[in-house]
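Here are the chains, one letter per residue:
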Amino acid sequence: MFNIILFGPPGSGKGTQSEKLIEAYGLIHLSTGDILRREIAAATPLGLEAKSVMDKGNLVPDAVVVGMISSALDKNPQAKGFLFDGFPRTEAQSVALDELLAEKSTEIGVVLALDVCQKELVKRLLHRGLTSGRPDDVNEAIISNRIIEYQTKTMVVANYYSKFGKVVHVKGEGTVDEIFVSLRSEIDKRLSIK
Ligand code: B4P
């Protein structure tokens, strides 16, 4: 099993690249953002709780997202590997993920960190907001809050996995295909020495 974390700030291209990576490598895509938006659309109690937090650009409580990931892992015992997109977003989530994977006798193979400057992030998210209808994309103040949440709570995830030598930085600016080629090359290097 080969498990990947696709890491980066909001708007860095995690969702975009995940779509291509899961197809190329046959991985199961676990995007906590997508799972939460599905809960909101279905108006479940979890979705209703998450909506007010997400609409402000804040992070949903750790226990909620860890529970979602735990049940998704249990539902896919035959997976070749998982692609974690937008998770973990705090150090506590990272520790919890490592424990969940260890219970299944597996681990994170690589953390691919997409580097994109703040000006480009804001530009991309405002542009997506024009068509996505996502409440957290339409307003620059909320986008700035998401970036602050990333800087204050999520950047530590890269430090955490750096201690285990698992983080690789990839330039996240350029065309979608150029970035995909860079990501593939980093994954293939690791798969060839497995
Ligand atoms: P996510 O759904 O993870 O949202 P995101 O970070 O904005 O998405 P992403 O980074 O995947 O978007 P992409 O760049 O692909 O999270 C939303 C919210 O959910 C969070 O704020 C939080 O409230 C909550 N949440 C989720 N996970 C959580 C967790 N683990 N813990 C707590 N809370 C959690 O796309 C952005 C735009 O850029 C798109 O329009 C795309 O087309 C464009 N784009 C992509 N690549 C490009 C390129 N190379 N050039 C130009 N444009 C590009």
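Predicted, not measured: the structure shown is a model, and the values here were computed from it.

(A) Highlighting the side chain of T154. Residue position: T154 is located in helix α7 (residues 140-162). When near neighbours in sequence (up to four residues on either side) are disregarded, T154 contacts F7, L59, P88, R89 and E149.

(B) Representation of helix α1 (residues 14-25) within the structure. Look at α1: 16 Å from first C-alpha to last across twelve residues, which is about the 16 Å you get at 1.5 Å a residue. Those residues of α1 that sit buried are K14, Q17, S18, L21 and Y25. Buried residues along α1 cover an arc of 110° about the axis, so they all sit on one side. The elements touched by buried residues of α1 are β1 (3-7), β2 (28-31), β3 (82-85), β4 (108-115) and α8 (176-192). The first or second residue beyond α1 is G26, which carries a positive phi of 65°.

(C) Highlighting the environment of V53. Along the chain, V53 turns up in helix α3 (residues 45-55). Between the alpha carbons of V53 and D136 there is a distance of 10.0 Å; along the sequence they are 83 residues apart. Among residues more than four places away in sequence, those in contact with V53 are N58, L59 and V60.

(D) Up close: the layout of surface pockets. Estimated volume of the largest pocket: approximately 930 Å³. Taken together, 49 residues make up the lining of the largest pocket; nearest its centre are K14, R89, R128, R134 and R146. At the level of elements, β1, α1, β2, α2 (32-41), α6 (118-132), α7 and α8 are the ones that each hand at least two residues to the lining of the largest pocket. Grouping the amino acids of the lining of the largest pocket by side-chain chemistry returns 17 nonpolar, 20 polar and twelve charged.

Parameters and conventions
Residues numbered from 1 in each chain as written. Predicted model: local features only at pLDDT ≥ 70, side-chain atom pairs only at ≥ 80, totals over all residues. Heavy atoms only, no water. Helix = DSSP H or I, 4+ residues; strand = E, 2+ residues; numbered from the N terminus. Contact = heavy atoms within 4.5 Å. Expected span 1.5 Å × (residues − 1). Buried < 20%, exposed > 50% of the residue type's maximum accessible area, 1.4 Å probe, protein only. Arc of directions from axis to C-beta. 1 Å grid on protein atoms, 1.4 Å probe; cavity = no way out; pocket = protein on both sides within 12 Å on 5 of 7 lines; lining within 4 Å. Points joined across faces, edges and corners; volume = space filled by probe spheres on them. Nonpolar A, V, L, I, M, F, W, Y, C, P; charged D, E, K, R; others polar.

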